[in-house]
Amino acid sequence: MSTLVARDEARAPDGTPAARLGMWVFIASEVLFFGGLLFAYAAARSTHAHAFAMASRHTEIVIGTANTALLLTSSAAVALASEAASARAWRLTRVALWAAIMLGATFLLLKSVEYGLDWRHGLIPGPGFRLDGPASDRSGAEVFFSLYFLMTSLHALHMLVGLGLLAWLTRQLGRRDAASIVRHAHVTALYWHFVDVIWIVLYPLLYLVDRS
Amino acid sequence: MSSTGHHHLAGVMRRTAAVWLALLVLLALTCSAAYLDLGAGRLAVGLGIALAKVMLVGWFFMKVGQSGTLLRAVLTLALVTLALLFALSGADLLVRAWAPARFQAPQQIEPLLALPAPRHAR
């Protein structure tokens, strides 16, 4: 088994590690990616305010809130793993990473349960769409659920990639030199925190429009 | 690992736990606020709490505060571009006739749709 020789970490002129800067540039592009969808949401909500409020009440708030709590905890676990790696505390790193993966996987599991429930209630936009509410709100509600499924499934896809990165990182513990692990841990943690940030913004927009 | 290393890590764990608890408290707050009748303030409260959570994650987990200038420049650029996107698209939303936004004035839309104007004086 070959061990990578520790390299001098590539750095930007102001001292920022290059890998970290690269991940931030990627995050910047992702901000614009989701930003477009967020504007579509904002535009649609301003046109169909009542329909959005009504449609939002049909989302599964228990699952949504539980998922938010899970993802926040997972993010904290990854933050801990990143710090533990910096401190070369490998046992703690491994435990924290596994916790983050388990929590993230539970999120995705609950999400699929939620999608199943949405489908059973006839909330998938299309010919089978049905909603008990005023008929004038129907098209607005369908727009809401189009955005809901688009945004949450895109987010879930990002989470799946993130879980893959976390799993790969866990596997690298003990197989690479410390500096390399720390570098990868920082960058992976950054990505996972960003995935968390997206969900933090999506949660009130999709689940909490109007529950009064 | 040295005892100072352990001490440092214990401090890190405490801080991470504190931020995590704060995030959960904010989650409870935003969830319960949705059940109150706040009217137009509901969106502001929801987004305001979301912003607080984002800043907690950004500052303590993503370490934006400890980052170099280049990194903060990248983040600022992203947010400025997003704001620009919202402003330019919002300008369209503000003035178009079909699928008008709620905050458009009626007299703005009618001439464009060539509808007969209502009989009130103008």
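About the thresholds
Residues numbered from 1 in each chain as written. Chains lettered and ligands numbered in written order. Predicted model: local features only at pLDDT ≥ 70, side-chain atom pairs only at ≥ 80, totals over all residues. Heavy atoms only, no water. Helix = DSSP H or I, 4+ residues; strand = E, 2+ residues; numbered from the N terminus. Areas by Shrake-Rupley, 256 points an atom, 1.4 Å probe, with all protein chains shown as cover. Phe/Tyr/Trp six-rings, centres within 6.5 Å; stacked < 30°, edge-to-face > 60°. Buried < 20%, exposed > 50% of the residue type's maximum accessible area, 1.4 Å probe, protein only. Expected span 1.5 Å × (residues − 1). Contact = heavy atoms within 4.5 Å. Buried area = accessible area lost by both parts, 1.4 Å probe. Salt bridge = Lys/Arg side-chain N within 4 Å of Asp/Glu carboxyl O. Polar contact = N/O pair within 3.5 Å; in protein donor to acceptor, adjacent residues only side chain to side chain. Nonpolar A, V, L, I, M, F, W, Y, C, P; charged D, E, K, R; others polar. Axes fitted to C-alpha atoms, helices over the stretch in contact; angles between N-to-C directions. Parallel < 35°, antiparallel > 145°, perpendicular 65-115°, else oblique.

This part takes up the overall build of chain B. Secondary structure summary: chain B contains four helices and zero strands in total. Each helix (α) and strand (β) of chain B, taken in turn from the N terminus, gives the series α-α-α-α. Per element, the accessible surface of chain B, about 7,800 Å² overall, is 72% carbon and sulfur.

On to the packing of aromatic side chains, then. Residue and element names in this part refer to chain A. Taken as a whole and assessed by the stated rule, the structure comprises 16 aromatic pairs over all chains. Between Tyr-148 and Phe-149, the ring centres sit 4.9 Å apart and the planes meet at 75 degrees, which makes this aromatic pair edge-to-face. Of the two residues, Tyr-148 and Phe-149, neither departs from the other in class, the shared state being buried. Members of the aromatic cluster, joined through ring pairs, are Tyr-41, Phe-52, Phe-107, Tyr-115, Phe-129, Phe-144, Phe-145, Tyr-148, Phe-149, Trp-199, Tyr-203 and Tyr-207.

Its 27 residues place the ends of helix α3 (residues 69–95) of chain B 39 Å apart at the C-alpha level, agreeing with the 39 Å of an ideal helix rising 1.5 Å per residue. All of the buried residues in α3(B) are Leu71(B), Val74(B), Ala78(B), Leu82(B), Gly90(B) and Leu93(B). Close packing links the buried residues of α3(B) with α1 (18–47) of chain A.

Let's shift gears to the interface of chain A and chain B. Counting from both sides, the interface comprises 50 residues of chain A and, opposite them, 47 residues of chain B. Overall, the association of chain A and chain B removes approximately 4,200 Å² of surface from exposure, summing both partners, and the carbon and sulfur fraction of that is 79%. Applying the counting rule to chain A against chain B returns three salt bridges. Ionic pairing is found between Glu83(A) and Lys63(B), a salt bridge with its closest N-O pair at 2.8 Å. Counting across the interface, chain A meets chain B through six residue pairs in polar contact (both at pLDDT 80 or more). Its residues assigned to classes, the side of chain A that touches chain B shows 33 nonpolar, 10 polar and seven charged.

Here we come to the environment of Ala28(B). Structurally, the position occupied by Ala28(B) is in helix α1 (residues 3–33). Separated by 15 residues in the primary sequence, Ala28(B) and Met13(B) place their C-alpha atoms 23 Å from one another.

On to unusual backbone geometry, then. Peptide bonds are trans in most cases, and residues, glycine excluded, mostly fall at negative phi. The backbone of Arg88(A) shows a phi angle near 60 degrees, a positive value even though the residue is not glycine. Among the structural elements, Arg88(A) can be located in the loop between α3 (61–86) and α4 (90–120). Owing to a relative accessible area of 41%, Arg88(A) belongs among the partly exposed residues under this scheme. We note that Lys63(B) has phi near 60 degrees; this positive angle belongs to a residue other than glycine. Counting through the fold element by element, Lys63(B) comes out in the loop between α2 (41–61) and α3. Overall, Lys63(B) belongs to the buried group, its relative accessible area being 17%.

What follows deals with the side chain of Ser74(A). All names here are of chain A. As for its placement among the helices and strands, Ser-74 is situated in helix α3. A polar contact is formed between the side chain of Ser-74 and the backbone oxygen of Ala-100, at a distance of 3.0 Å. Sequence-distant contacts of Ser-74, that is, excluding residues within four places in its chain, are made with Ala-100, Leu-103, Gly-104 and Trp-192.

Take the packing of α1(A) against helix α6 (residues 178–207) of chain A next. Two quantities define a packed helix pair, namely the angle between the helix axes and the distance between the axes. Residues and elements named next belong to chain A. Running from N to C, α1 and α6 cross one another at 10 degrees; their axes reach a closest spacing of 10 Å. Taken as axis vectors, α1 and α6 run roughly parallel relative to one another. Along its contact with α1, which presents Ala-19, Arg-20, Met-23, Trp-24, Phe-26, Ile-27, Glu-30, Val-31, Phe-34, Leu-38, Tyr-41 and Arg-45, the element α6 presents Arg-183, His-186, Val-187, Leu-190, Tyr-191, Phe-194, Ile-198, Val-201, Leu-202, Leu-205 and Leu-206. Considering only residue class, the contact of α1 with α6 consists of 18 nonpolar, one polar and four charged.

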